[in-house]
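The primary structure of each chain is shown beneath.
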Number of protein chains: 2
Amino acid sequence: MEILVARSAGFCYGVRRAIKIAEETLKNDGLSYTLGPIIHNPKVVKELCNKGLKVIDDIKKIKKGTVIIRSHGISKNEAEYLKKNQNNIKTVDTTCPFVTKARNLLEILKKERYKIFFLGDKEHPEVKGLLSYIDGDAIVFLNPDEIPDNDFKKVGLISQTTQKIELLKTSAEKLLQKSEELRIFNTICKTTFVRQKEALEMSKKVDMMIVLGGKNSSNTKKLAEICKAVQNRTYHIEEPDEIKDIDFNGVEKVGITAGASTPKEHILLLVENLKKLQI
Amino acid sequence: MEILVARSAGFCYGVRRAIKIAEETLKNDGLSYTLGPIIHNPKVVKELCNKGLKVIDDIKKIKKGTVIIRSHGISKNEAEYLKKNQNNIKTVDTTCPFVTKARNLLEILKKERYKIFFLGDKEHPEVKGLLSYIDGDAIVFLNPDEIPDNDFKKVGLISQTTQKIELLKTSAEKLLQKSEELRIFNTICKTTFVRQKEALEMSKKVDMMIVLGGKNSSNTKKLAEICKAVQNRTYHIEEPDEIKDIDFNGVEKVGITAGASTPKEHILLLVENLKKLQI
């Protein structure tokens, strides 16, 4: 069985940066807190927890110590709490720069009175954080069919950093004929765009695709959706050893891609496990 | 033979307004000049010429008298010439308000340093006039395939008022994945949009489409293209009597639409001519 690994698989710039900062902080400060998992990969988070990271679910539980803001960012209220308590709480910010950029652009749209359409998952921490900066004043949707049939004067369209470009295009098309002005900030990060494109191309050339990454990771789920659309034999697994449950019958060529929060070592381990199958 | 006439066929608001102003001006001032035909319908222009209108090709030939600015507008230089000579030349402006609006939006894009993409025909007087206000600083294209393959930071997309919405959508799609920001002003006028939509739907229901209007009229040519795409038996005629050259063999249902510069009387005459065929 031939094994192909996507060049773009694994850690993105934002995740690599977040982990590096977190590891340095844990080395210097010891016990540190994050609000929710620092990245969406349970295995990586567990490794960091072994080094002193503690994941909490409510910022107000922290009265003193070090707080590491995770790659997805935090809400305006949470940021204000940390600022108010800066004498007792040290804040280390690992928010992905692409998320910060999206926040600034969202604030511009709000300030300039655009009707804001936000392509994203309203339950995702990145989206929750971003929306808090505009008081939730946006129509959040995951499917362009959800866009209402009204006419608008000034429309702003923006996206969660890990969404699919095709969805952004369809949304733009739909909004264009309903609005006098449509201002689109393409906030899908370049790495996501390249990774999705490569995954799509690879899926067409292989007999099976394996997508490795957190089941709670937005970008990994999107990758799996993209592969599944053209390659029915697509499996989204979180751990390299999950391949034991997959039927490789008739597979001559398998493709591997991985989400932005998946470390290189996990990908290499998956390759090793596949080689051991001796197909 | 059943004859269907599109509700949206014929004069649009801008054309009706231009002719009304021109007729009033000719009544009050007598001999008046326009730079190029006031609307793109030779028959209507001829009628106005009989009432005292004179079509010229260079504004500088006018040293005194009344100048009627046609519905497509004029260039910045021409406007400046008229202003400079306002003591001798009276100016009556019939520029379509949708063209004026597009001009203002174009100037905003230029001022805010967007890379401007202009969907339109660079030889059309509306486009020539509009571009003069931004010193021609735009990439003008008629086919989205002409959009270069570069990456851009801030892109502005705008359109001639009589273009096809589908082309604007395709252009937006193409530009979206190349730019960090894409700001689209949908300057296709509502009447054009509705007329094109109705023409498309009617073309599917009939055995033949007749599009009536000036051969030099951008919006009429677009209408004919839209009909032709789904109804092979589409004829773009300028005069109602041109139907004598058309083969109506097997036609049970004929659809009629007409450009924005086509008077109601011409459409009624066409209907009469078709009835006389007794098919």
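Before reading further, recall that the structure is shown in the block above.
What counts as what
Residues numbered from 1 in each chain as written. Chains lettered and ligands numbered in written order. Predicted model: local features only at pLDDT ≥ 70, side-chain atom pairs only at ≥ 80, totals over all residues. Heavy atoms only, no water. Pairing = 2+ DSSP bridges. Helix = DSSP H or I, 4+ residues; strand = E, 2+ residues; numbered from the N terminus. Axes fitted to C-alpha atoms, helices over the stretch in contact; angles between N-to-C directions. Contact = heavy atoms within 4.5 Å. Buried < 20%, exposed > 50% of the residue type's maximum accessible area, 1.4 Å probe, protein only. Right-handed = clockwise from strand over helix to strand, strands pointing away. Phe/Tyr/Trp six-rings, centres within 6.5 Å; stacked < 30°, edge-to-face > 60°. Lys NZ or Arg CZ within 6 Å of the ring centre and 35° of its normal. Expected span 1.5 Å × (residues − 1). Arc of directions from axis to C-beta. Buried area = accessible area lost by both parts, 1.4 Å probe. Salt bridge = Lys/Arg side-chain N within 4 Å of Asp/Glu carboxyl O. Polar contact = N/O pair within 3.5 Å; in protein donor to acceptor, adjacent residues only side chain to side chain. Least-squares fit on C-alpha atoms with pLDDT ≥ 70 in both. Core = buried A, V, L, I, M, F, W, Y, C linked by side-chain atoms within 4.5 Å. Left-handed = near helix turned anticlockwise from the far one by under 90°. Nonpolar A, V, L, I, M, F, W, Y, C, P; charged D, E, K, R; others polar.

**Student:** Teacher, can you tell me more about the sheet that holds strand 6 (residues 115-119) of chain A here?
**Tutor:** Hydrogen bonds between backbone atoms are what pair the strands of a sheet, whose relative direction is either parallel or antiparallel. Strands sit in the order 7(A)-6(A)-8(A)-9(A)-9(B)-8(B)-6(B)-7(B) across an open sheet of 8 strands; the sheet is mixed. With one partner strand each, in any of the chains shown, strand 7 (139-141) of chain A together with strand 7 (139-141) of chain B form the two edges of the open sheet. Between one strand axis and the next, the sheet turns through 20° on average, direction left out of account. Summarising the sheet, strand 8 (residues 152-159) of chain A and strand 9 (residues 179-185) of chain A pair through 6 bridges and their orientation is parallel. Across the sheet, the residue bridging to Phe152 of chain A is Ser179 of chain A, located in strand 9 of chain A. The strands that helix 4 (residues 97-111) of chain A touches are strand 6, strand 8 and strand 9 of chain A together with strand 9 (179-185) of chain B; relative to strand 8 of chain A, the one it contacts most, it runs at about 170°.

**Student:** Honestly, helix 5 (residues 125-132) of chain B in this entry has me stumped. Any pointers?
**Tutor:** For an α-helix the count is 3.6 residues per turn, leaving residues at separations of three or four pointing the same way. Residue and element names in this part refer to chain B. The buried fraction of helix 5 amounts to 6 of the 8 residues, a majority that puts the element mostly inside the structure. Those residues of helix 5 that sit buried are Pro125, Glu126, Val127, Gly129, Leu130 and Leu131. In the core, the buried residues of helix 5 are packed alongside helix 4 (97-111), strand 6 (115-119) and strand 7.

**Student:** Mind showing me how you'd approach the pairing of strand 9 of chain B here?
**Tutor:** Each regular strand displays side chains that alternate between the two surfaces of the sheet. The buried fraction of strand 9 of chain B is high, at 6 of 7 residues. Handedness of the β-α-β unit built from strand 8 (residues 152-159) of chain B, helix 6 (residues 165-176) of chain B and strand 9 of chain B comes out right-handed.

**Student:** Help me understand the packing of aromatic side chains, please; the structure alone is not making it clear to me.
**Tutor:** When we look at a pair of aromatic rings, we describe it by the centre distance and by the angle of the planes. Residues and elements named next belong to chain A. Summed over all chains, the structure comprises 4 aromatic pairs over all chains. Look at Phe117 and Phe152: their rings are 5.5 Å apart centre to centre, the planes differ by 75°, and that puts the pair in the edge-to-face class. Here Phe117, found in strand 6, pairs with Phe152, found in strand 8; they are 35 residues apart in sequence, far enough to count as distant. Classification of Phe117 as buried rests on a relative accessible area of 0%. Ring pairing ties together the aromatic residues Phe117, Phe141 and Phe152, which thus form one cluster. Against the face of Tyr114 rests Lys154, its NZ or CZ located 4.4 Å from the ring centre.

**Student:** Can you help me understand helix 4 of chain A in this one?
**Tutor:** All names here are of chain A. Across its 15 residues, helix 4 extends 21 Å between first and last C-alpha, which sits within 8% of the 21 Å expected from 1.5 Å per residue. Listed in full, the buried residues belonging to helix 4 are Val99, Ala102, Leu105, Leu106 and Leu109. Buried residues along helix 4 cover an arc of 120° about the axis, so they all sit on one side. Residues of helix 4 that are buried make contact with strand 6, helix 5 (125-132), strand 8 and strand 9. Note on helix 4: the residue one or two positions beyond its end, Arg113, has a positive phi of about 60°.

**Student:** Could you clarify how one ought to interpret the interface of chain B and chain A in this entry?
**Tutor:** The figure often quoted for interface size is the accessible area lost as the parts come together. Contact with chain B, which involves 18 residues of that partner, is made by 18 residues of chain A. When chain B packs against chain A, close to 1,900 Å² is buried across both sides, 51% of that on carbon and sulfur atoms. Together, Lys169, Leu176 and Gln177 of chain B form the three largest contributors to the area buried by chain B at its contact with chain A, with a combined 31%. Linking chain B with chain A are 4 salt bridges, by the criterion used here. Notably, a salt bridge pairs Glu180 of chain A with Lys101 of chain B, separated by 2.7 Å at the nearest N-O pair. There are 14 residue pairs in polar contact (both at pLDDT 80 or more) connecting chain B and chain A. Where the side of chain B that touches chain A is concerned, the elements lending two or more residues are helix 6 and strand 9 of chain B. Here the element with the most residues in the side of chain B that touches chain A is strand 9 of chain B; it accounts for 7 residues.

**Student:** Looking at this structure, I do not really get unusual backbone geometry. What am I missing?
**Tutor:** Excluding glycine, residues mostly carry a negative phi; peptide bonds, for their part, are mostly trans. Residue and element names in this part refer to chain A. With phi around 55°, Asp135 is a residue other than glycine that occupies positive phi space. Residue position: Asp135 is located in the loop between helix 5 and strand 7. On the basis of relative accessibility, which here comes to 59%, the residue Asp135 falls in the exposed class.

**Student:** Whenever I open this one, the relation of the copies chain B and chain A confuses me. Can you help?
**Tutor:** Superposition of the two copies of the chain requires a rotation about an axis and a shift along the axis. When chain B is fitted to chain A, the residual RMSD is 0.0 Å, and the transformation amounts to a turn of 180° plus an axial shift of 0.0 Å. Read as a symmetry element, the transformation amounts to a two-fold axis. For chain B, the minimum C-alpha distance to the rotation axis belongs to Arg183 of chain B and amounts to 2.1 Å. Counting the interface residues of chain B, we find that 100% of their copies in chain A are interface residues as well, pointing to one common contact surface.

**Student:** I tried to follow the nonpolar core on my own but got confused; where do I start?
**Tutor:** Across soluble globular proteins, nonpolar side chains show a tendency to be buried alongside one another. If you look at the biggest cluster of nonpolar residues, it comprises 34 residues, and the most contacted ones within it are Leu157 and Leu182 of chain A together with Leu157 and Leu182 of chain B. Listing elements by their share of this core, those giving two or more residues are strand 6, strand 8, helix 6 (165-176) and strand 9 of chain A together with strand 6, strand 8, helix 6 and strand 9 of chain B. When near neighbours in sequence (up to four residues on either side) are disregarded, Leu182 of chain B contacts Leu182, Arg183 and Ile184 of chain A together with Val155, Leu157, Ala172, Leu175 and Leu176 of chain B.

**Student:** It is not clear to me how the packing of helix 6 of chain A against helix 6 of chain B should be interpreted in this structure. Could you clarify?
**Tutor:** In a packed pair of helices, the relevant descriptors are the angle between the two axes and the axis-to-axis distance. Between helix 6 of chain A and helix 6 of chain B, whose axes approach to 10 Å, the crossing angle comes to 145°. Of the two elements, helix 6 of chain A crosses helix 6 of chain B, and the hand of that crossing is right-handed. In this structure, helix 6 of chain A contributes Leu168, Lys169, Ala172, Glu173 and Leu176 of chain A to the contact, and helix 6 of chain B contributes Leu168, Lys169, Ala172, Glu173 and Leu176 of chain B. Within the contact of helix 6 of chain A with helix 6 of chain B, the residues separate by chemical class into 6 nonpolar, no polar and 4 charged.

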